[in-house]
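Understanding the architecture of this molecule
Given next are the chains, with one letter for each unit.
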Amino acid sequence: MRTTAEYKPLEGPQFAILVVGVGQVGSCWLTKFAPTLPPYASVHSTHNSSHPLTTAEIKKLKNRGLTPLVLDLTASEAVSRCYPDWLCAGADIISANKYAGAADTAFYKEVQDALQQCQRQWLYAATVGAGVPIPQVVRECREAGDPVVRVEGNFSGSLTWIFQQYRAGDKLSDWLRKASDAGITEPDPNIDLGGMDVAKKLLIVAREAGWDFDLADADIQSLVSAPPSMVSAPSSLDEGFEAWRVGHYPQARRFCYIGRLEADGEGGVTARAALEPVAEDSVYAGLAPERAYFRVWTAQCPAGTITVEGPGSGLEATAGAVHKDILKAMAHYC
Ligand SMILES: NC(=O)c1ccc[n+]([C@@H]2O[C@H](COP(=O)([O-])OP(=O)(O)OC[C@H]3O[C@@H](n4cnc5c(N)ncnc54)[C@H](OP(=O)(O)O)[C@@H]3O)[C@@H](O)[C@H]2O)c1
């Protein structure tokens, strides 16, 4: 890591990167991607819960003529609530954290207002699809005047990883533990199993399409039947899941957790996600555990679909998406 005192006097803007959250994604980015930063950008500081980033620190960098880029690589709502202040202190923000993108409409609007008023950037490709640019595809269709009418895909990297390997009759808790050991689940795996991670991603993509909805109105299947959580009671998770499977799809061998967004034609949108049986010869059954597959339908081409497939989960794909956003944010100034 270089200190700001070591910045070379180069022509053009120089970027000071402030990394908030040095967990799995943060460590991966620092190890694999930070060393490839161009000479006009440098990691200025790293932050965690005991050493939080302050607005004063951003202002100090700005006053020194540097362009601060804040990376939010936490899963913290408290961190996301700082965005308006950080933007107006002069930072651009790059998020892997989904909280702000999927926040209530009032706070989301507050962030959008701060972006406008303070002329800053907020990029968040890593929040949905990791290495698959699904938010960008949806946004570009809208910006090109071809509104999106429907989106479908396996939005959850962790549930895809689990269910591409699970076969009917397996213990779900065994696969969940393996996913957690591989660093694929959220810090709290109940967020993945409860479907809330997918619900947030659906909301982020819906906003790219120009839609909005209340998370409480989304029809999201939870695979956790009831508290206590699987973390404290894996056998209750297995019993509840097996009862659901046998009750609904006794013949099915393969499953995929699929999210769907659809415009209702009257200005509203329906958001749904559920674990669905998939045929052995379907696209979803053929995906490798870390792959994501999305389909997008637009108004001008209702019969055809845009399909996007790629690395949809994993630390490197996520850190790589963060890195692309950093390069994109810097390119804006050059
Ligand atoms: N893991 C993946 O494959 C993956 C994939 C896609 C997206 N994501 C997203 O990426 C984000 C990070 O995931 P992760 O797996 O790297 O999480 P993680 O390993 O749990 O790391 C989270 C980090 O955030 C820090 N943190 C928490 N509260 C903070 C605060 N108030 N101020 C500053 N730092 C704070 C933690 O520091 P302390 O230890 O000090 O609390 C920790 O360093 C999440 O939003 C996740 O949804 C992850």
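The rules behind the values
- Residues numbered from 1 in each chain as written.
- Predicted model: local features only at pLDDT ≥ 70, side-chain atom pairs only at ≥ 80, totals over all residues.
- Helix = DSSP H or I, 4+ residues; strand = E, 2+ residues; numbered from the N terminus.
- Rg over C-alpha atoms; globule rule 2.2 N^0.38 Å.
- Buried ≥ 20, exposed ≤ 12 C-beta atoms within 10 Å, placed from the backbone.
- Contact = placed C-beta atoms within 7 Å.
- Pairing = 2+ DSSP bridges.
- Axes fitted to C-alpha atoms, helices over the stretch in contact; angles between N-to-C directions.
- Near = placed C-beta within 6 Å.
- Nonpolar A, V, L, I, M, F, W, Y, C, P; charged D, E, K, R; others polar.
- Core = buried A, V, L, I, M, F, W, Y, C linked by C-beta atoms within 7 Å.
- Domains from an automatic or database assignment.
- Parallel < 35°, antiparallel > 145°, perpendicular 65-115°, else oblique.
- Left-handed = near helix turned anticlockwise from the far one by under 90°.
- Arc of directions from axis to C-beta.

What follows covers the overall build of the chain. The helix and strand inventory of the chain stands at 13 helices and 11 strands. The C-alpha atoms of the chain give 21 Å as radius of gyration, which agrees with the globular expectation for 334 residues (20 Å, within 12%). Counting only C-alpha atoms and orienting by the principal axes, one finds that the chain spans roughly 65 × 45 × 35 Å. Within the chain, the proportion of its 334 residues that are buried is 44%. For the chain, contacts bridging at least 24 residues in sequence account for 72% of all contacts bridging at least 6.

Here 5 strands make up an open sheet; going across it, the order is S2-S1-S3-S4-S5 and the pairing parallel. Looking at which strands have only one partner, the edges of the open sheet turn out to be strand S2 (41–47) and strand S5 (122–123). Where strand S4 (residues 92–95) lies against S5, 2 bridges are found, and the strand directions are parallel. Bridge pairing links Ile94 to Leu123 in S5. Across the sheet, helix H13 (residues 315–331) lies against strand S1 (15–20), S2, strand S3 (67–72), S4 and S5, angled at about 160° from S4, the strand it touches most.

Around the ligand sit 32 residues in total, of which Gly21, Gly23, Asn48, Thr74 and Ala96 are the nearest. At the level of elements, helix H1 (24–33), helix H3 (77–80) and H13 are the ones that each hand at least two residues to the shell around the ligand. In terms of residue count, the dominant contributor to the shell around the ligand is H1 (3 residues). Among the residues making up the shell around the ligand, the classes are represented as 14 nonpolar, 16 polar and 2 charged.

With that settled, the discussion passes to the nonpolar core. Ranked by internal contacts, the top residues of the largest apolar core, which has 98 residues, are Leu202, Val205 and Val322. Counting only domains with at least three residues in this core, you end up with domain 1 (4–129 + 317–331) and domain 2 (134–313). When sequence neighbours within four positions are dropped, the list of residues in contact with Val205 reads Val128, Ile134, Pro135, Val138, Val151 and Leu261.

Attention shifts here to the packing of H1 against H13. Running from N to C, H1 and H13 cross one another at 70°; their axes reach a closest spacing of 9 Å. Put simply, H1 runs roughly perpendicular to H13. Considering the relative orientation of H1 and H13, their crossing is right-handed. Between H1 and H13, the residues in contact are Gln24, Val25, Cys28, Trp29, Lys32 and Phe33 and Leu315, Glu316, Thr318, Ala319, Gly320, Val322 and His323, respectively. Tallied by class, the residues present in the contact of H1 with H13 amount to 7 nonpolar, 4 polar and 2 charged.

Partitioning the chain into structural domains gives domain 1 (4–129 + 317–331) and domain 2 (134–313). Just the C-alpha atoms count here: the centres of domain 1 and domain 2 sit 28 Å apart. At the junction of the two partners, domain 1 supplies 11 residues and domain 2 supplies 19 residues. Among the residues making up the side of domain 1 that touches domain 2, the classes are represented as 5 nonpolar, 5 polar and 1 charged.

Within helix H8 (residues 172–181) the residues assigned to the buried category are Leu172, Leu176 and Ala179. Projected down its long axis, H8 carries its buried residues within an arc of 60°, all on one side. Next to the buried residues of H8 lie helix H7 (157–163) and helix H11 (234–248).

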